[in-house]
Amino acid sequence: MSLSLPPLKALKVFEAAVRTRSLTIAAHELHITHSAVSQQIKLLEEHFGQPLFIRLPRGVEATEAAQAFYTEVRAALDRIAMAAEQLTLTGKNRIVRVITAPSVAMRWLIPRLSQFQIDNPRIEVRVTTTVSEHFEDLKAPFDVVLWRSPLERSGFECVRFLDDVSAPLASPHYLELHSITKPADLLQASLIHLSVRAEAWQQWLIKAGVPVKKKLPGTSYEHFFLSLQAASTDLGIAMGSLALVDDDLSHGRLRQLFPEVVLHGQGFHMLHRTGETNGNALKTFIAWLMQMGVASAYDPDKRYSADSTM
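The rules behind these values
Residues numbered from 1 in each chain as written. Predicted model: local features only at pLDDT ≥ 70, side-chain atom pairs only at ≥ 80, totals over all residues. Heavy atoms only, no water. Axes fitted to C-alpha atoms, helices over the stretch in contact; angles between N-to-C directions. Helix = DSSP H or I, 4+ residues; strand = E, 2+ residues; numbered from the N terminus. Parallel < 35°, antiparallel > 145°, perpendicular 65-115°, else oblique. Contact = heavy atoms within 4.5 Å. Nonpolar A, V, L, I, M, F, W, Y, C, P; charged D, E, K, R; others polar. Buried < 20%, exposed > 50% of the residue type's maximum accessible area, 1.4 Å probe, protein only. Right-handed = clockwise from strand over helix to strand, strands pointing away. Pairing = 2+ DSSP bridges. Phe/Tyr/Trp six-rings, centres within 6.5 Å; stacked < 30°, edge-to-face > 60°. Expected span 1.5 Å × (residues − 1).

1. Some thoughts on the packing of helix 2 (residues 23–30) against helix 3 (residues 34–48)
So, point 1. The contact between helix 2 and helix 3 brings their axes to 8 Å, and the two run at 110 degrees. As summarised for this structure, helix 2 and helix 3 are arranged roughly perpendicular, according to the angle between their axes. Touching L23, T24, A26 and A27 of helix 2 are H34, V37, S38 and I41, all from helix 3.
So, point 2. Broken down by class, the residue content of the contact of helix 2 with helix 3 amounts to five nonpolar, three polar and no charged.

Have a look at this one:
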């Protein structure tokens, strides 16, 4: 029984239009005209006998049925792109593509990659970073995504591989200059906030038994590594994930305050491709990531703390 496939050229246009929510942006991305995009969308709508988009004053929005179809189309296009690349590289190094946040790449993944590459010289790990908080915005095809929450995507499996435990962090010099002996003292300190984790300080202080107002004073940074740099250079006290600062703690660049009080997040999750597209290369990399996650597991007895905050 032969399959009735929709116009394949139109599928790529459809994918771009749903993802960008704009026919104009999709046309620019695909280097074709706006009318060409409209024509391809019309072909698909005629093929399925139903509208696929709701026209809005600014842009378009996929119908519920079209959104479900998009999920499968996006996964299929990714698989085709990866299969094509692997066919091109037959007999050469196998490639594993990873997408994650800059902080995870810089402070956890890349420092551990050298030993993996030594042990697996025929596997090339390509790391791409994204500052987007929205998984749906990712454009490049990937084999693995490392994210600070669970993810879902057709053709992929999601597993938790690394603890996400946050605590107050400060430089030894800052702690020498400021008397901080109890959690309530932090209300008088220079708190460093992370814009994408705006409630972290309030949550920690409440857990520590400190009454807090709705808005806490301090400076806010957009990216995690900027907040850590600020803490390392004596600008204040940051709230950071311990898995991403283990090297700073072990070398004394940062100290963990009040280690008996920590915030437990959902954990860092790994969304990875299933099936045999990358064969043993992907399986080897996934197994290694899980091993590294176990090695980095949170240990409440492993404390790098200032004496005044024990």
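2. Considerations on the pairing of strand 3 (residues 94–100)
So, point 1. For strand 3, a buried count of five out of seven residues is recorded, marking the element as mostly surrounded by other parts of the structure.
So, point 2. This β-α-β element, strand 3 to helix 5 (residues 102–119) to strand 4 (residues 123–129), shows right-handed connectivity.
So, point 3. Relative to strand 5 (residues 144–147), strand 3 runs parallel, the two being bridged by two bridges. What sits directly across from V98, in strand 5, is V144.

3. Overview of the packing of aromatic side chains
So, point 1. Using the criterion set out here, one finds 10 aromatic pairs in the structure.
So, point 2. Ring plane angle 70 degrees and centroid distance 5.1 Å describe the contact between F48 and F69, whose orientation is recorded as edge-to-face. Of this pair, F48 sits in helix 3 while F69 sits in helix 4 (residues 64–88), and the two are 21 residues apart along the sequence.
So, point 3. By relative accessible area, F48 is classed as partly exposed at 31%.
So, point 4. Accessibility expressed as a relative area gives 25% for F69, which makes it partly exposed.
So, point 5. An angle of 45 degrees between the planes, with centres 5.2 Å apart, marks the rings of F142 and F156 as tilted. Of the two residues, F142 sits in the loop between strand 4 and strand 5 while F156 sits in strand 6 (residues 156–162), which places them 14 residues apart along the sequence. With respect to class, F142 is no different from F156; both count as buried.

4. A short note on helix 1 (residues 8–20)
So, point 1. The end-to-end C-alpha separation of helix 1 is 19 Å, in line with the 18 Å expected for 13 residues at 1.5 Å each.
So, point 2. Within helix 1, 10 of the 13 residues are buried, which leaves the element mostly enclosed by the surrounding structure.
So, point 3. Directly beyond the C-terminal end of helix 1, a positive phi value near 60 degrees is found at R21.

5. Some words on the environment of L43
So, point 1. Tracing the sequence through the fold places L43 in helix 3.
So, point 2. Owing to a relative accessible area of 35%, L43 belongs among the partly exposed residues under this scheme.
So, point 3. L43 sits 64 residues away from R107 along the chain, and the two C-alpha atoms are 47 Å apart.

6. Comments concerning unusual backbone geometry
So, point 1. One non-glycine residue, R21, lies in the positive phi region at around 60 degrees.
So, point 2. Of note, R21 is situated in the loop between helix 1 and helix 2.
So, point 3. R21 gets classed as exposed once you look at its relative accessible area, which sits at 52%.
So, point 4. Even without a glycine there, the phi angle at D234 is positive, about 70 degrees.
So, point 5. Position of D234 relative to the elements: it lies in the loop between helix 8 (224–232) and strand 10 (237–241).

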